[in-house]
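So the chains spell out like this:
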Amino acid sequence: MELKFRVAGHIAKPVSEVFEAVVNPEQLSRYFTTGGAKGRLETGATVTWDFHDFPGAFPVKVIEVIKDEKIVFQWAADEGKGSNAPKYDTMVTMAFEPVDTGRTLVTISEEGWRQTQTGLKSSYGNCEGWTGALCAMKAWLEHGINLREGFYK
C-alpha cells in the first residue's frame, strides 16, 4: 500500500494568473500561508512557508518549476509531536491545466509517507489541508476573499 492522494479543483482565472498566485510569495501569503511565505518558487530554491495552525516556518525544497504547468517540491512529513522516527520528506506536485475559456484546473498530489499509522494520519491531514488550499485559492482569485483569515487563530 502506497500512501498518496490527489485533489483537484477549477478556478475561473487564466492559468498564468493562477500559477503566479502560487509561485509569488506575496500572493501566496494573502490566501494560504497564514504566517507568510518567503521566497519565490523557482527550481532549486528553498523557500519558507509559515502557518498559524502549525507554528514555525517550514522549509520547502523546490525540485522543479515549469512556468504555467507544474511545480514539484519536497517538505517534511509530519510525524507528530514527540516522535522519535527519523525525519523524511514527502513530494508534492501541483499541475496547472488551462480548460475552457479562462479557467484553470489545479491538481495537487502528495506522496511518500511511511506506511505506518502515523504516516496514514499525516497523509489525511495534508489531504485536508490541500483541499482547503484549493478552496482558499479559488475564493481569493475569483472573489478577493481570504478564507483562512481567522480560521485557525
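S.K.: Looking at this model, I keep getting lost on unusual backbone geometry. Mind explaining?
M.R.: With the exception of glycine, the majority of residues adopt a negative phi angle, and the majority of peptide bonds are in the trans configuration. Of note in this structure, Asp-68 is not a glycine but carries a positive phi near 65 degrees. Phi at Asp-100 is positive, roughly 50 degrees, even though this residue is not glycine. Among the secondary structure elements, Asp-100 is positioned in the loop between strand 6 (89-99) and strand 7 (103-111). Judged by its relative accessible area of 61%, Asp-100 is exposed.

S.K.: It is not clear to me how the state of the cysteines should be interpreted in this structure. Could you clarify?
M.R.: One way to say it: the disulfide is the covalent bond shared by the sulfur atoms of two cysteines. For the structure on display, the rule yields zero disulfides. In this structure Cys-127 is not part of a disulfide, and its nearest cysteine sulfur, from Cys-135, lies 11 Å away. On the accessibility criterion, Cys-127 (24% relative accessible area) is partly exposed. What makes Cys-135 partly exposed here is its relative accessible area of 44%.

S.K.: It is not clear to me how the pattern of salt bridges should be interpreted in this structure. Could you clarify?
M.R.: Any two side chains of opposite charge can pair, so long as their charged atoms come close to each other. Under the definition given, this model contains seven salt bridges. Across the pair Asp-68 and Lys-67 runs a salt bridge whose closest N-O atoms are separated by 3.8 Å. Using a relative accessible area of 59% as the deciding quantity, one classes Lys-67 as exposed.

S.K.: How do you make sense of helix 3 (residues 117-143) when you look at a structure like this?
M.R.: An α-helix turns once every 3.6 residues. As a result, residues three or four positions apart point the same way. Between its terminal C-alpha atoms helix 3 stretches 39 Å, which fits the 39 Å expected from 27 residues at 1.5 Å a residue. Where helix 3 is concerned, the buried positions are Gly-119, Ser-122, Ser-123, Trp-130, Ala-133, Leu-134, Ala-136, Met-137, Ala-139, Trp-140 and Leu-141. The first or second residue beyond helix 3 is Gly-144, which carries a positive phi of 70 degrees.

S.K.: Help me out: how do you make sense of the sheet that holds strand 3 (residues 46-51) in this one?
M.R.: Note: strands within a sheet are paired through backbone hydrogen bonds, in either parallel or antiparallel orientation. One open sheet accounts for seven strands, arranged 1-7-6-5-4-3-2; its pairing is antiparallel. Of all the strands in the sheet, the pair left with one neighbour each is strand 1 (4-11) and strand 2 (36-38). For this sheet the average axis-to-axis angle between neighbouring strands, irrespective of direction, equals 20 degrees. Sheet topology places strand 4 (residues 54-66) next to strand 5 (residues 70-76); five bridges connect them, and they run antiparallel. Bridge pairing in strand 5 links Ile-66 to Lys-70.

S.K.: What should I look at first to understand the nonpolar core in this one?
M.R.: Ranked by internal contacts, the top residues of the largest apolar core, which has 39 residues, are Tyr-31, Trp-49, Ile-71, Phe-73, Phe-96 and Trp-130. Take this core: its biggest share by element is seven residues, from helix 3.

S.K.: What is the right way to read the packing of aromatic side chains from this model?
M.R.: In this description, an aromatic ring pair is defined by two values, namely the gap between the centres and the angle between the planes. Summed over the entire model, instances satisfying the criterion amount to 12 aromatic pairs. Plain terms: the ring middles of Phe-32 and Trp-49 are 5.7 Å apart, the flat faces sit at 85 degrees to each other, and that makes the pair edge-to-face. With Phe-32 in the loop between helix 2 (25-31) and strand 2 and Trp-49 in strand 3, this residue pair connects regions lying 17 residues apart in the sequence. Each member of the pair Phe-32 and Trp-49 is classed as buried.

Thresholds, definitions, all that
Residues numbered from 1 in each chain as written. Predicted model: local features only at pLDDT ≥ 70, side-chain atom pairs only at ≥ 80, totals over all residues. Heavy atoms only, no water. Helix = DSSP H or I, 4+ residues; strand = E, 2+ residues; numbered from the N terminus. Buried < 20%, exposed > 50% of the residue type's maximum accessible area, 1.4 Å probe, protein only. Disulfide = S-S within 2.5 Å. Salt bridge = Lys/Arg side-chain N within 4 Å of Asp/Glu carboxyl O. Expected span 1.5 Å × (residues − 1). Pairing = 2+ DSSP bridges. Axes fitted to C-alpha atoms, helices over the stretch in contact; angles between N-to-C directions. Core = buried A, V, L, I, M, F, W, Y, C linked by side-chain atoms within 4.5 Å. Phe/Tyr/Trp six-rings, centres within 6.5 Å; stacked < 30°, edge-to-face > 60°.

As far as function goes, none of this settles anything; it's purely spatial.
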